[in-house]
Each structure stands twice: as C-alpha cells, then as structure tokens.
Amino acid sequence: MKNRMVLIFAFVSTFALGFAFKSITTNSNYSQKPHKKVTGIGGIFFKCKDPKKMREWYKENLGLNTNEYGAVFEWRQGADTLKKGFSQWSPFNEKTKYFEPSTKDYMINYRVENLEELIEQLKKSNVSINDEIENVEYGKFVHILDLEGNKIELWEPNDVAFEKIGTKIGAKTTK
C-alpha cells in the first residue's frame, strides 16, 4: 500500500512539474502574437486592348458598378463584421508598364497587415522586392516578385480613407 502511494505521488508530481514547465515555456510564445501576412485579395488587375470598353462590358453584362479605375467590391471583414473592406478590379491598357518587370498580363494585389514587418521577413527570405514602400492616403504599397516572376502588389489598406475617396469621386461599390 505504501509503495502504491509513493508511486502515485511520483506520477502526480511528474505530471504537475511537466505541466508547469509546459505552461512556462508556452506562455512566452503567447506574448508574441503570430503575424498574419496576407489577409485577403486587395485587387485583380489585368491587361486588355480597350479598358473603357472592357469596363462597359462588365457593367452591362455582369452588373459591376464601374468607374474610370474599374470596380470596387465592398465586403465585411471577417474579424470585425462592422468594418468594411474593399477589393479593386481594374482593366489596364495592354501597353501598360505597371506590371513590369513581370511579362504577365495580370497582377494580383494582396491585402496585408503591418507591411514594414512583412517586408523585413521577405528580405530575410531573399524575396525580390521591386520598390520602396509607398505611403498614400488609402494605405501603403510595395511590389514583389514571386517564384515565377509574377509581380505582386502588397497593400496595407486604410479602408476608411479608401471609402472616403470613392465617395468623393462618386464611385459606387459592387456589393
């Protein structure tokens, strides 16, 4: 009986010490919140022969609320459904140089959190960064190349300012 009590005490003590050690080591990890990189699609951009006709076609046939830049899709953010989010759809002239150095006919814009931190991580991974971070009223932008040379635009959005600009120019979102 005494041996059984000692064995149970040893087992419980070992379990408790292991649990305490695990709690101590994992609590330090909780203070470093994992950084989200891409949070969604910020836009889809593609080349075409006549962007104006393309915008009109999409408006007439697919119901996009287009403006001189394309169309803006409005949605609610998953983490906070009271916050609006926006994604841009834009046809570009086939001769645009905006997608360079990529030779592709499209470019995807990804919404990101904390662009400066992400760029530092990408530099450590030797990702090709095409330019410096550009700060504008409706967010921060930078361009990178993926593994196959596709140009990617990263956008840390300011959705409140983006919506104000859209309202100012009379743009209607597609919902």
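Residues numbered from 1 in each chain as written. Predicted model: local features only at pLDDT ≥ 70, side-chain atom pairs only at ≥ 80, totals over all residues. Heavy atoms only, no water.

**Considerations on unusual backbone geometry**
Here the amide bond leading from Glu100 into Pro101 is cis, since omega sits at 15°, within 30 degrees of zero. Mapped onto the secondary structure, Pro101 falls in the loop between strand E4 (84-93) and strand E5 (106-112). Notably, Asn114 is not glycine yet its phi reads approximately 50°, a positive angle. Assignment of secondary structure puts Asn114 in the loop between E5 and helix H3 (115-124). (Helix = DSSP H or I, 4+ residues; strand = E, 2+ residues; numbered from the N terminus.)

**Description of the nonpolar core**
Ranked by size, the top nonpolar core spans nine residues in total: Val112, Leu115, Leu118, Ile119, Leu122, Val142, Ile144, Ile152 and Leu154. Counting residues per element, this core draws most heavily on H3, which supplies four residues. With residues near it in sequence (within four places) discarded, Ile144 still touches Leu122, Val127, Ser128, Ile129, Asn130, Asn150, Lys151, Ile152 and Leu154. (Core = buried A, V, L, I, M, F, W, Y, C linked by side-chain atoms within 4.5 Å. Buried < 20%, exposed > 50% of the residue type's maximum accessible area, 1.4 Å probe, protein only. Contact = heavy atoms within 4.5 Å.)

**Some remarks on the environment of Ile165**
Assignment of secondary structure puts Ile165 in helix H4 (residues 159-168). Contact partners of Ile165, with chain neighbours within four places excluded, come to Glu137 and Tyr138.

**Brief notes about H4**
Since the α-helix packs 3.6 residues into each turn, any two residues three or four apart lie on the same face. Listed in full, the buried residues belonging to H4 are Asp159, Ala161, Phe162 and Gly166. Relative to the axis of H4, the buried residues are bounded by an arc of 160° and lie together on one face. Opposite the buried face of H4, by more than 90 degrees, sit the exposed residues Val160, Lys164, Thr167 and Lys168. Buried residues in H4 make contact with strand E3 (70-76), E4, E5 and strand E9 (151-157). (Arc of directions from axis to C-beta.)

**As for the packing of aromatic side chains**
By the definition in use, this model includes 12 aromatic pairs. On the basis of an interplanar angle of 75° and a centroid distance of 5.8 Å, the ring pair of Phe45 and Phe92 is categorised as edge-to-face. With a gap of 47 residues between them, Phe45 in strand E1 (residues 38-48) and Phe92 in strand E4 connect regions that are remote in the sequence. Here Arg111 stacks its cationic end above the ring of Trp155, 5.4 Å away from the centre of that ring. (Phe/Tyr/Trp six-rings, centres within 6.5 Å; stacked < 30°, edge-to-face > 60°. Lys NZ or Arg CZ within 6 Å of the ring centre and 35° of its normal.)

**What to know about helix H2 (residues 51-62)**
Taking 1.5 Å as the rise per residue, H2 with 12 residues should run 16 Å; its terminal C-alpha atoms sit 16 Å apart, in good agreement. Within two residues after H2, Gly63 carries a phi angle of roughly 75°, on the positive side. (Expected span 1.5 Å × (residues − 1).)

**What about the side chain of Asp159?**
Assignment of secondary structure puts Asp159 in helix H4. If near-sequence neighbours (up to four positions away) are discounted, Asp159 is found in contact with Gln77, Lys84, Gly85, Phe86 and Arg111.

**What about the pairing of E3?**
With two bridges joining them, strand E2 (residues 66-67) and E3 adopt antiparallel strand pairing. For Thr66, the partnering residue across the bridge sits in E3 and is Ala71. The hairpin turn running from E2 into E3, its antiparallel successor, is two residues long. When E3 meets E4, the two strands line up antiparallel, connected through six bridges. Looking at E4, one finds that Phe73 is bridged to Ser87. (Pairing = 2+ DSSP bridges.)

**Regarding the confidence of the model for the chain**
Summary statistics for the chain give a mean pLDDT of 86 and a share of 79% for residues scoring 70 or more. Low pLDDT, under 50, characterises residues 6-17; the predicted model gives this stretch zero contacts beyond four residues in sequence or across chains. (pLDDT = per-residue confidence, 0-100.)

**Quick look at the pattern of salt bridges**
Taken as a whole and assessed by the stated rule, the structure comprises six salt bridges. Residue Lys84 is joined to Glu163 by a salt bridge in which the shortest nitrogen-to-oxygen separation is 2.5 Å. In this pair, Lys84 is assigned in strand E4 and Glu163 in helix H4, connecting sequence segments 79 residues apart. When its relative accessible area of 26% is taken as the criterion, Lys84 is described as partly exposed. Overall, Glu163 belongs to the partly exposed group, its relative accessible area being 29%. Glu120 is the partner of Lys123 in a salt bridge, and the nearest nitrogen-oxygen pair spans 3.7 Å. Pair noted here: Lys123 and Glu120 are both in helix H3, with a separation of three residues, about one helical turn. Each of the salt bridges in this network shares a partner with another, and the network as a whole consists of Glu74, Lys84, Glu163 and Lys175. (Salt bridge = Lys/Arg side-chain N within 4 Å of Asp/Glu carboxyl O.)

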